Amino acid sequence: MKDDRYSRQVLFSPIGKEGQEQLEAKHVLIIGAGALGTSNAEQLARAGVGKMTIVDRDYVEFSNLQRQQLFSEKDAENRMPKAVAAKERLSAINSGISIFSHVMDVQVEELEKLAPDADVIIDATDNFDTRLLINDISQKHDKPWVYGGCVGSYGLTYTIVPGKTPCLNCLLETVPIGGATCDTAGIISPAVQMVTAHQVAEVLKILVGDEQALHGKLISFDMWNHHYQAIKVNTVKNPECRSCGGNRDYPYLSPESQTKTAVLCGRDTVQIRPPERMERDFDTLRRRLHDGEIKQNPFLLSYTLNDHRMVFFKDGRVLVHGTKDIAEARRLYYKIVG
Amino acid sequence: MEIQVNGKIKQLPKEVETVADLLHYFGLDAKMVIVEQNKEIVSKDNFQGANLQSNDTIELVRFVGGG
């Protein structure tokens, strides 16, 4: 019976019939459709959150399938953009909700458009540049967001409620550079699922208006070494914080802080973003590419020449594979694009 | 000195005297870590000044970027 699809969740008294109606009226914005993003999105789609927007800049590869639960081998073979593949699978899981997907790199301009309509933002990104941007947007538009991060068998999460909790900028004080990534330390799925279990539970509490139930702690765990921590960090709230303090100026929303190039987590890949917004015309591009192998789908064009592969997206971005060196990636990019 | 770090007893060499020393000893970047000493958060400004005592209970939370 279709009518009872949410019956077990409605029986759970903190949600109930009223909470279920709330969920159906709410909008969740998920930034990133990798391991955290797909897991969050599947749980929330099944829970019946009425509207979901999922944004991602990447496409599916075989190395994603071990943990990114919405994707299939076919998606990897076809190099489907993650946002597109995720939407297709989510719509098959629950046809009664609205799912919006965007193949884009999230920066200030994009977030300024997406955030105002959302009730909560889920961090499913793989880098602190974007997280600090989400953090500033969340403060500016008074939207709660749920941080999640994982690497190896370790993960952590924290729920940021503007006006109540410290923000990510209070906790970090600076953008961390380096550190372990999926690239260097790998990642196992249980660490992902433990993070998203916390994220989804927190999001459900926010959406049904049960903010008192939020855990209020910085939670971390190591699934291989059986260590679990939950630390109260309220005292870290900094009244001088530039993101959430009295004289805030949202430092990560300023044009200077925008990155045009980035090294992608878990990938030997550099992303180059053109300085201005553009729509790439694949026909024009194809005329410029003489040697090498070209593969194309409606969303992207993949070009391989010798050891290098570049993937051109409709929105102008290019992924340069086979290097972590930004200078080298730029050189290859300019050689082709001019 | 013997202290408990993330649930495990650790024997520390004599030169590890402060929270800053401890982070250095474990090869952790102070910017990416939240430190709790005996259930109290240690402010980042005070990592150098926070002396370790025998039987302290330390929790170190590392921020990680992966996702």
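Provided above is the structure to which this section pertains.
Residues numbered from 1 in each chain as written. Chains lettered and ligands numbered in written order. Predicted model: local features only at pLDDT ≥ 70, side-chain atom pairs only at ≥ 80, totals over all residues. Heavy atoms only, no water.

### Points about the overall build of chain B
Stage number 1. A count of helical and extended segments in chain B gives 1 helix and 5 strands.
Stage number 2. From first element to last, N terminus to C terminus, chain B shows the α and β order β-β-α-β-β-β.
Stage number 3. For chain B, the C-alpha radius of gyration of 11 Å lies close to 11 Å, the compact-globule estimate for 67 residues.
Stage number 4. Seen through its C-alpha atoms, chain B measures out along the principal axes to roughly 35 × 25 × 20 Å.
Stage number 5. Counting the 67 residues in chain B, one finds 46% classified as buried.
Stage number 6. Considering only residue pairs separated by 6 or more positions, chain B has 52% of its internal contacts joining residues 24 or more positions apart.
Stage number 7. Total accessible area computed for chain B in this model is approximately 3,600 Å², and 44% of it derives from carbon and sulfur atoms. (Helix = DSSP H or I, 4+ residues; strand = E, 2+ residues; numbered from the N terminus. Rg over C-alpha atoms; globule rule 2.2 N^0.38 Å. Buried < 20%, exposed > 50% of the residue type's maximum accessible area, 1.4 Å probe, protein only. Contact = heavy atoms within 4.5 Å. Areas by Shrake-Rupley, 256 points an atom, 1.4 Å probe, with all protein chains shown as cover.)

### Let's talk about helix α7 (residues 128-140) of chain A
Along an α-helix, residues three or four positions apart point the same way, because every turn accommodates 3.6 residues.
Residue and element names in this part refer to chain A.
Stage number 1. In this model α7 runs 18 Å from its N-terminal to its C-terminal C-alpha over 13 residues, within 8% of the 18 Å that 1.5 Å per residue would give.
Stage number 2. The element α7 is extensively covered by neighbouring structure, given that 11 of its 13 residues are classed as buried.
Stage number 3. Each element contacted by the buried residues of α7 is listed here: β1 (27-31), α6 (108-114), β4 (120-123), β5 (145-151), β6 (154-160) and α8 (168-172).
Stage number 4. The positive-phi residue at the C-terminal boundary of α7 is D142, with phi of around 55 degrees. (Expected span 1.5 Å × (residues − 1).)

### Here we look at the pairing of strand β3 (residues 33-37) of chain B
All names here are of chain B.
Stage number 1. Of all 5 residues that make up β3, 5 are buried, and the element is covered over most of its length.
Stage number 2. Here 5 bridges tie β3 to strand β5 (residues 57-62), and the two strands are oriented antiparallel to one another. For Q37, the partnering residue across the bridge sits in β5 and is I58.
Stage number 3. Bridge count for β3 against strand β4 (residues 40-42) is 3 bridges, and the pairing is antiparallel. Each bridged residue has a counterpart across the sheet, and for V35 the counterpart in β4 is V42.
Stage number 4. Counted along the chain from β3 to the antiparallel partner β4, the turn is 2 residues long, and its residue N38 has a positive phi close to 45 degrees. (Pairing = 2+ DSSP bridges.)

### Some words on the layout of surface pockets
Stage number 1. Of the voids in this model, the second largest pocket is the one considered here, and its volume is about 430 Å³.
Stage number 2. Taken together, 17 residues make up the lining of the second largest pocket; nearest its centre are D222 and H227 of chain A together with V5, N6 and L60 of chain B.
Stage number 3. For the lining of the second largest pocket, the secondary structure elements donating two or more residues are β7 (217-222) and β8 (227-232) of chain A together with β2 (8-11) and β5 of chain B.
Stage number 4. Ranked by residue count, the leading element in the lining of the second largest pocket is β7 of chain A, at 3 residues.
Stage number 5. Classifying every residue of the lining of the second largest pocket by side-chain character gives 6 nonpolar, 7 polar and 4 charged. (1 Å grid on protein atoms, 1.4 Å probe; cavity = no way out; pocket = protein on both sides within 12 Å on 5 of 7 lines; lining within 4 Å. Points joined across faces, edges and corners; volume = space filled by probe spheres on them. Nonpolar A, V, L, I, M, F, W, Y, C, P; charged D, E, K, R; others polar.)

Nothing here speaks to function; it is all geometry.
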